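Coordinate analysis (summary)
Read off the chains here:
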Amino acid sequence: MRDTLVLNASFEPLSTVTLNRAVVLVLQSKAVVEQAHPELRMRGAAIDIPVPRVIRLCRYVRVPFRRRAPWSRRGVLVRDQFRCAYCGKRATTVDHVVPRSRGGADSWLNTVASCAEDNHRKADRTPEQAGMPLLREPFEPTPADAMLLSLGAGGVEALPDWLSQGAAA
Ligand SMILES: [Zn+2]
């Protein structure tokens, strides 16, 4: 997946996001394309846009000078794009990989998005004990990532399937 550079409204570089997230920001009118790939376009029934290499946010965002993004349940769901870490279906709950009853923390690395069924099935066990391997490892977003997530850049689920397949020449 190509990464797209994100500039603040003031043109300062902020971060990079995946192409999908860049397109979502543009489609949601939260960013404009500053520099596009010379040949590639993304096409669909109602959409025909150049593949962005650099986008610029329409509104200036203040990036906190924090080393770490604050953990939140909502943040975990957005980070994981509302996909269950165990089955890949739509997630509405946050699961503690190491359960809280066993000392598991409310932290980015110990929490994943989960569908209610899997959360209930896993219950008070680790993934190993439950025989439910994680489809992906949880990670800690950078503060800039968290800021972009809070803008809705994580809303990849809003992308139609054909567009999330990537760029078409
Ligand atoms: Zn699930």
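These remarks concern the structure in this document. (Residues numbered from 1 in each chain as written. Predicted model: local features only at pLDDT ≥ 70, side-chain atom pairs only at ≥ 80, totals over all residues. Heavy atoms only, no water.)

1. Observations regarding the pairing of strand 1 (residues 3-7)
Condition: We call two strands paired when DSSP finds no fewer than two bridges between them. Helical segments are the DSSP runs of H or I of at least four residues, strand segments are the runs of E of at least two, and each set is numbered from the N terminus.
For strand 1 and strand 2 (residues 13-18), the ladder comprises 5 bridges, and the chain directions are antiparallel. Residue pairing for strand 2: Val6 is matched across the bridge by Ser15. As consecutive antiparallel partners, strand 1 and strand 2 are separated by 5 residues, and within that stretch Phe11 has a phi angle of approximately 75 degrees, a positive value. Relative to strand 4 (residues 48-57), strand 1 runs parallel, the two sharing 3 bridges. By the bridge assignment for strand 4, Leu5 is matched with Val54.

2. Let's talk about the coordination of the zinc ion
The cut-off we apply is this: In this analysis a donor is any N, O or S atom within 2.8 Å of a metal ion (3.2 Å for sodium, potassium and calcium), and since water is not included, sites may seem incomplete. Relative accessibility decides the category of a residue: with a 1.4 Å probe and only protein chains considered, values under 20% of the type maximum give buried, values over 50% give exposed, and everything between is partly exposed.
Within the first shell, the zinc ion binds the protein through Cys84 (SG), Cys87 (SG), Cys115 (SG) and Asp118 (OD), at distances of 1.9 to 2.3 Å. Counting residues between consecutive donors of the zinc ion along the chain gives the motif C-x2-C-x27-C-x2-D. Highlighted residues: Cys87 in the loop between helix 2 (73-79) and strand 5 (93-96) and Cys115 in the loop between strand 6 (111-114) and helix 3 (116-122), separated in sequence by 28 residues. Cys87 gets classed as partly exposed once you look at its relative accessible area, which sits at 34%. By relative accessible area, Cys115 is classed as buried at 9%.

3. What about the sheet that holds strand 3 (residues 31-43)?
The strands that make up a sheet are held in pairs by hydrogen bonds between backbone atoms, and each pair lies either parallel or antiparallel. Keep this limit in mind: Fitted lines through C-alpha atoms serve as axes, helices being fitted only where they are in contact, and the angles separating the N-to-C directions of these axes extend from 0 to 180 degrees. Working rule for contacts: check all heavy atoms of both residues, and any pair within 4.5 Å makes them a contact.
Taking strand neighbours across the sheet as the criterion, the 4 strands line up as 2-1-4-3 in an open arrangement whose pairing is mixed. Among the strands making up the open sheet, the edge pair consists of strand 2 and strand 3. For this sheet the average axis-to-axis angle between neighbouring strands, irrespective of direction, equals 35 degrees. Relative to strand 4, strand 3 runs antiparallel, the two being bridged by 8 bridges. Pairing of Val33 across the sheet is with Ile55, part of strand 4. Set on the sheet, helix 1 (residues 19-27) makes contact with strand 1, strand 2, strand 3 and strand 4; between it and strand 4 the angle comes to about 90 degrees.

4. Points about the pattern of salt bridges
What counts is decided by this rule: Take a side-chain nitrogen of Lys or Arg and a carboxyl oxygen of Asp or Glu: if they are within 4 Å of each other, that pair is a salt bridge.
Following the criterion strictly, the structure yields 6 salt bridges and no others. The salt bridge partner of Asp80 is Arg79, with a shortest N-O separation of 2.8 Å. With respect to class, Asp80 is no different from Arg79; both count as buried. In this structure, the salt-bridge partner of Arg100 is Asp106, at a minimum N-O distance of 3.9 Å. On the basis of relative accessible area, Asp106 is assigned to the partly exposed category, the value being 40%. The network of salt bridges with shared partners includes Arg79, Asp80 and Arg136.

5. Regarding the packing of aromatic side chains
In this description, a pair of aromatic rings is defined by centroid distance and the angle of the planes. Just so we agree on the cut-off: What counts as a ring pair is set by centres within 6.5 Å for rings of Phe, Tyr and Trp (its six-membered ring), and what kind of pair is set by the plane angle: stacked under 30 degrees, edge-to-face over 60, tilted for all other angles. Look at NZ for Lys and CZ for Arg. If either is within 6 Å of the ring centre and within 35 degrees of the ring normal, a charge sits over the ring.
Inspection of every chain in the model, using the stated rule, returns 0 aromatic pairs. Taking the ring centre of Phe139 as reference, the NZ or CZ of Arg79 above it sits at 5.3 Å.

6. Topic: the side chain of Thr126
As for its position among the elements, Thr126 is in the loop between helix 3 and helix 4 (127-130). With relative accessibility at 15%, the residue Thr126 sits in the buried group. Apart from residues no more than four positions distant in its own chain, Thr126 is found in contact with Val97 and Pro99.

7. Comments concerning the nonpolar core
Selection rule: By nonpolar core we mean a set of buried residues, namely Ala, Val, Leu, Ile, Met, Phe, Trp, Tyr and Cys, connected to one another through side-chain atoms within 4.5 Å.
In terms of nonpolar packing, the biggest core is built from 17 residues, with Leu77, Cys84, Tyr86, Ala91 and Val112 touching the most fellow members. At 3 residues, the largest contribution of residues to this core is made by helix 2. Each residue touching Ala91, except ones within four places of it in the same chain, is listed here: Leu77, Phe82, Arg83, Cys84, Ala113, Ser114 and Cys115. Grouped together as the second largest cluster of nonpolar side chains are 10 residues, Val6, Leu25, Val26 and Leu57 included.

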